[in-house]
Amino acid sequence: MGKSWLVGSMASVVALMVCLCPVSGGIVTYVTPSEAMTSNANWSAVNGTYAQNFGYAFTTGSSGPFSIDWVNLQLNTSGQTVGAGALTIALRSTTNIMAYSAAAGTTAYAADTVNFTMPTTTSTSFTLNLTAAQLPNLSAFAMQSNTAYALILYAPSVNIGMMRKTGYADGTTNNFYQVTNGFTMLNTFRNNVKYQNNASSFPSLGISFGATTGLTSVPEPGAMFVCGLIGIGVVYRLRRRTAC
């Protein structure tokens, strides 16, 4: 009875610790700009078409499928003080797979219109952090391996600005995004053509996106401490019971 009771009790302890000790998930960033955004530009049209956009084209890695669980946008109030806005985010096909040429294609894979609150002061930068709950259509779509996609922003409800980093030479902008999981950058565009704000400046955009991983086996430090106390206490009681 002693050994079987001990084995069963220890199994219960393990189950209890698993239930009580939370584990943490991870965040994977597929694409993000590598330098801070320093200026902004307005959309060419309020409530415009998908071709009146800011966005970039990229190719996924070989270990797909990939999901988009979050998108972070660096925006600016520009001349607005309204405090509320909306914007459409879409994942589309690309016009081609050529570096510094690809733009958003005619096929829309997924799109979500998000509503947000922004500062009520003009020329104020703010970050819009969007989760899968706010992006139900994008997060439900599975991006396939080694496939080109365009992630675009369009149809703002008010004339806000898109944060950017200017001054890059032609044919170098792709180098100023950090990518993981085998993703590669193809092009940054505005109004669906390669973005060029003056004769010698080809900007990058403040658009980041990625996924959240499953649960990991490493608890947070506070949870580890609590779990340790639970385990010590229960094991002590088990030793006393088995000794009797």
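Report follows, based on the coordinates. Predicted, not measured: the structure shown is a model, and the values here were computed from it.

Let's shift gears to unusual backbone geometry. Of note, the amide linkage connecting Gly64 to Pro65 takes the cis form, showing an omega dihedral of 5 degrees. Of note, Pro65 is situated in the loop between strand S3 (53-59) and strand S4 (70-76). With a phi close to 50 degrees, Ser123 is a non-glycine residue in the positive phi region. Looking at the secondary structure, you find Ser123 in the loop between strand S6 (104-117) and strand S7 (125-131).

Here Ala103 is to be found in the loop between strand S5 (84-94) and S6. The exposure class of Ala103 is buried, given its relative accessible area of 2%. Residues Ala103 and Ile152 lie 49 residues apart in sequence; the distance between their C-alpha atoms is 9.3 Å. If sequence neighbours within four positions are ignored, Ala103 has contacts with Ser93, Thr94, Thr95, Ala150, Phe189 and Asn192.

On to the sheet that holds S6, then. One open sheet accounts for 6 strands, arranged S6-S5-S8-S3-S11-S12; its pairing is antiparallel. On the outer flanks of this sheet lie S6 and strand S12 (193-194), each paired with one strand and no other.

Basis of the calculations
- Every residue gets a number counted from 1 within its own chain, in the order that chain's sequence is written.
- Whole-chain, interface and lining totals are the exception, using all residues; otherwise, since this is a predicted model, local features are given only for residues with pLDDT of at least 70 and side-chain atom pairs are given and counted only at 80 or more.
- The side-chain figures draw on all heavy atoms in the structure; neither hydrogens nor water molecules are used.
- Going along the chain from the N terminus, every DSSP run of H or I of four or more residues is numbered as a helix, and every run of E of two or more is numbered as a strand.
- Note on classification: 1.4 Å probe, protein chains only; a residue is buried when its accessible area is under 20% of the maximum for its type, exposed when over 50%, partly exposed between these limits.
- Contacts: residue pairs with any heavy atoms within 4.5 Å of one another.
- Strand pairing is assigned whenever DSSP detects at least two bridges linking the two strands.

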